[in-house]
Amino acid sequence: MSFTIPEGLAPELYPLAWLVGRWSGEGVLGYPGVEETAFTQEIEIDHDGGLYLSYRSVIRLVTAPDDVSALEDEQPAPVWSTESGYWRIPPARPEGLGSELFPVELLLADPAGHVDVYVGATGNGRIDLVSDLIARTETGAEVTAGKRLLGLVEGDLMWAHDMAAFGQPMQSYASARLSRVPEGSA
């Protein structure tokens, strides 16, 4: 599958150009105190010509087959989480970063009451991020650190999210495989 740089994309964002578009797929999440659960996810990553990409994600839990009432009512699966934010390529290049890599920042907010700043590197269809700052409201989810890995594998977006939260050490939280949604699809 050939790839075309999106029209009007700022050249500074070319290392992230492969992310632009709509993605949809399935994954699994689980954490101490959270039973392992399948989910569906939709991500939209777009640009307006500025020096950033906008990001929006919605994760919905998969309705259990024995929940007949939900199937009969054809209600959408319950939303587990949403995130919105921005991807950026900072202008300063950190010392020691390989010539094939580019620095990257991800700024996220979610309605669970916290905002996250991730920093890392991208190159060759892979992004490695670690949390630099996590702030929360008084009632916000007690997340203290995170790591995210994203990669383009056989044309799909695969990602994994590890976190330290609620007094637990850093460990796997969620992962998914998403396919690009063709333009013009609903």
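Rules of the game
For every chain, the first residue of the written sequence is number 1, and numbering continues from 1 along that sequence. Given that this is a predicted model, residues contribute local features only at a pLDDT of at least 70 and side-chain atom pairs are listed and counted only at 80 or more, while totals for whole chains, interfaces and linings are drawn from all residues. With hydrogens and water stripped out, all remaining heavy atoms of the structure feed into the side-chain values. Here, nonpolar core refers to any group of buried Ala, Val, Leu, Ile, Met, Phe, Trp, Tyr and Cys residues whose side-chain atoms link them within 4.5 Å. Here's how the labels work: a residue is buried when its accessible area is under 20% of the maximum for its type, exposed when over 50%, partly exposed in between, all with a 1.4 Å probe on protein chains only. Each helix is a run of DSSP H or I of at least 4 residues and each strand a run of E of at least 2, with the numbering of both proceeding from the N terminus. The rule for a salt bridge is simple: a side-chain nitrogen of Lys or Arg has to be within 4 Å of a carboxyl oxygen of Asp or Glu. The residues that make up patches have over 30% relative accessible area and no salt bridge, and they are joined within 9 Å when like-charged or within 5 Å when they are Val, Leu, Ile, Met, Phe, Trp or Tyr. The Shrake-Rupley method, run with a 1.4 Å probe sphere, supplies the accessible areas, and residue values consider only the shown protein chains as cover. UniProt positions are given in the numbering used here, feature names are shortened, and annotations may be inferred rather than shown by experiment. For this analysis, a polar contact is any N or O atom pair within 3.5 Å, provided that within protein one partner can donate a hydrogen and the other can accept it, and provided that sequence-adjacent residues contribute only side-chain to side-chain pairs. The contact criterion used is simple: two residues touch if any of their non-hydrogen atoms lie within 4.5 Å.

Visitor: So what's going on with the nonpolar core? Which residues, and what values?
Guide: The biggest cluster of nonpolar side chains holds 38 residues, and the ones touching the most others in it are Leu16, Trp87 and Ile127. At the level of secondary structure, the elements contributing two or more residues to this core comprise strand E1 (21-31), strand E2 (34-46), strand E3 (53-61), strand E5 (102-110), strand E7 (126-136), strand E8 (143-153), strand E9 (156-165) and strand E10 (171-181).

Visitor: Any chance you could break down the pattern of salt bridges for me, citing the residues and the numbers?
Guide: When the charged atoms of two side chains with opposite charge come close together, those side chains can pair. All chains considered together, the criterion is met by six salt bridges. Among the ionic pairs, glutamate 105 bridges to arginine 88, the shortest N-O distance being 2.8 Å. In this pair, glutamate 105 sits in strand E5 while arginine 88 sits in strand E4 (residues 79-88), placing the two residues 17 residues apart along the sequence. Between arginine 177 and glutamate 154 there is a salt bridge, with its nearest N and O atoms 3.5 Å apart. Of this pair, arginine 177 sits in strand E10 while glutamate 154 sits in the loop between E8 and E9, and the two are 23 residues apart along the sequence.

Visitor: Can you break down a nonpolar patch on the surface residue by residue, with the values?
Guide: Where nonpolar side chains cluster on the molecular surface, the patch consists of Phe3, Ile5 and Tyr14 and spans about 280 Å² of accessible area. Secondary-structure assignment places tyrosine 14 in the segment before E1.

Visitor: Let's hear about the UniProt feature "short sequence motif: GXWXGXG" (unreviewed entry) in the chain: which residues, and what values?
Guide: Listed under "short sequence motif: GXWXGXG" (unreviewed entry) in the UniProt record, and renumbered for this structure, are residues 21-27. Strand forms 100% of residues 21-27 and helix 0%; the C-alpha atoms that close the span are 19 Å apart.

Visitor: Before we move on, can you summarise the environment of alanine 112 with the specific residues and values?
Guide: Tracing the chain through its elements places alanine 112 in the loop between E5 and strand E6 (114-123). A C-alpha to C-alpha distance of 22 Å links alanine 112 and leucine 150, two positions 38 residues apart in sequence.

Visitor: Got a sec to walk through the side chain of serine 57? Specific residues and values, please.
Guide: For serine 57, the location among the structural elements is in strand E3. Residue classification places serine 57 among the buried residues on the basis of a relative accessible area of 2%. Among the polar contacts listed, one links the side chain of serine 57 to the side chain of glutamine 41, at a separation of 2.8 Å. Sequence-distant contacts of serine 57, defined by excluding residues within four places in its chain, comprise Gln41, Glu42, Ile43, Ser81, Thr82 and Glu83.

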